Amino acid sequence: MILDRRSLLVSAAALAACSAPAAKAAPDKYAASPWRKLTEADWKARLPPASFDVLRQEGTEQPFTSPLNNEHRHGTFVCLGCGLALFKSEWKFDSHTGWPSFWTEIPGALAKKADFQLIEERTEYHCAQCLGHQGHVFNDGPKPTGLRYCDNGAALKFIPA
Ligand SMILES: [Zn+2]
């Protein structure tokens with residue numbers, strides 16, 4: 001069965017609402033963003049194939065392939081799809097996984113949903129503005145958060161400070 005991204009997000013929101021009735025959903029400040037109006041054909045025309053695969057198809061790049069693994073300059077990692085700032089360079093660490101990894105995010109830059117594609121549940125996260133898939137967040141990261149945002153270099157662009 002093929003579900004489109006919108007129905008997946010809606011069902012994830014419904015699940016969250018069921019499991020946490022007291023929690024108020026954060027307002028979607030990018031709901032009217034022009035980036036949300038692009039069709040998949042528009043994205044395909046705009047993005048390199050590897051980036052389209054990650055951002056729009058929730059693909060995962062091959063580990064140890066992204067030049068951003070070795071990006072150690074001071075700056076900001078932004079969404080390759082829409083340019084929204086997601087991570088600062090000082091939050092990047094070498095997770096030895098082969099994917100660019102961070103221990104926290106710029107507040108409000110990412111939205112998350114449960115991902116049941118593997119047997120074990122993972123938390124998928126995506127750009128809050130264009131909804132492009134970025135990666136998954138795990139609980140085995142370093143201090144101070146203990147989080148590991150496992151990103152895909154093909155979904156990011158580095159802007160040196
Ligand atoms: Zn984006």
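Residues numbered from 1 in each chain as written. Predicted model: local features only at pLDDT ≥ 70, side-chain atom pairs only at ≥ 80, totals over all residues. Heavy atoms only, no water.

K.L.:
Please provide a residue-by-residue account of the environment of Ala111, values included.
P.N.:
Tracing the backbone shows Ala111 in strand β5 (residues 110-115). Between the C-alpha atom of Ala111 and that of Gln129, which follows or precedes it by 18 residues, the distance is 8.9 Å. Non-local contacts of Ala111, meaning those with residues more than four positions away in its chain, are made with Glu124, Tyr125, His126 and Ala128. (Helix = DSSP H or I, 4+ residues; strand = E, 2+ residues; numbered from the N terminus. Contact = heavy atoms within 4.5 Å.)

K.L.:
Describe the pattern of salt bridges, with residues and values.
P.N.:
On inspection of all chains with the given rule, the structure shows six salt bridges. Among the ionic pairs, Glu58 bridges to Lys113, the shortest N-O distance being 3.3 Å. Taken as a pair, Glu58 in the loop between α3 (49-57) and β1 (75-79) and Lys113 in strand β5 lie far apart in primary sequence, 55 residues in all. Both residues of the pair, Glu58 and Lys113, count as buried. Arg148 is paired through a salt bridge with Asp140; the nearest N and O atoms lie 2.7 Å apart. Of the residues examined, Arg148 reaches a relative accessible area of 12% and is grouped as buried. (Salt bridge = Lys/Arg side-chain N within 4 Å of Asp/Glu carboxyl O. Buried < 20%, exposed > 50% of the residue type's maximum accessible area, 1.4 Å probe, protein only.)

K.L.:
Tell me about the coordination of the zinc ion, residues and numbers included.
P.N.:
Around the zinc ion, the protein contributes the donor atoms Cys79 (SG), Cys82 (SG), Cys127 (SG) and Cys130 (SG), at 2.3 to 2.4 Å from the metal centre. In the primary sequence, the donor residues of the zinc ion line up as C-x2-C-x44-C-x2-C. Taken together, the residues span a long stretch of sequence, with Cys79 in strand β1 and Cys130 in the loop between β6 (122-127) and β7 (133-138) at a distance of 51 residues. When sorted by exposure, Cys79 lands in the same class as Cys130, which is buried. (Donors = N, O, S within 2.8 Å, 3.2 Å for Na, K, Ca; no water.)

K.L.:
Outline unusual backbone geometry, supporting the account with residue identities and numerical values.
P.N.:
The linkage connecting Lys143 with the following residue, Pro144, adopts the cis geometry, with an omega of 10°. With respect to the secondary-structure elements, Pro144 resides in the loop between β7 and β8 (148-151). Although it is not a glycine, Glu58 sits at a positive phi angle of roughly 55°. Overall, Glu58 belongs to the buried group, its relative accessible area being 14%. Positive phi, normally seen in glycine, also occurs at Phe64, with a value near 60°. Mapped onto the elements of the fold, Phe64 is located in the loop between α3 and β1. For Phe64, a relative accessible area of 62% puts it in the exposed group.

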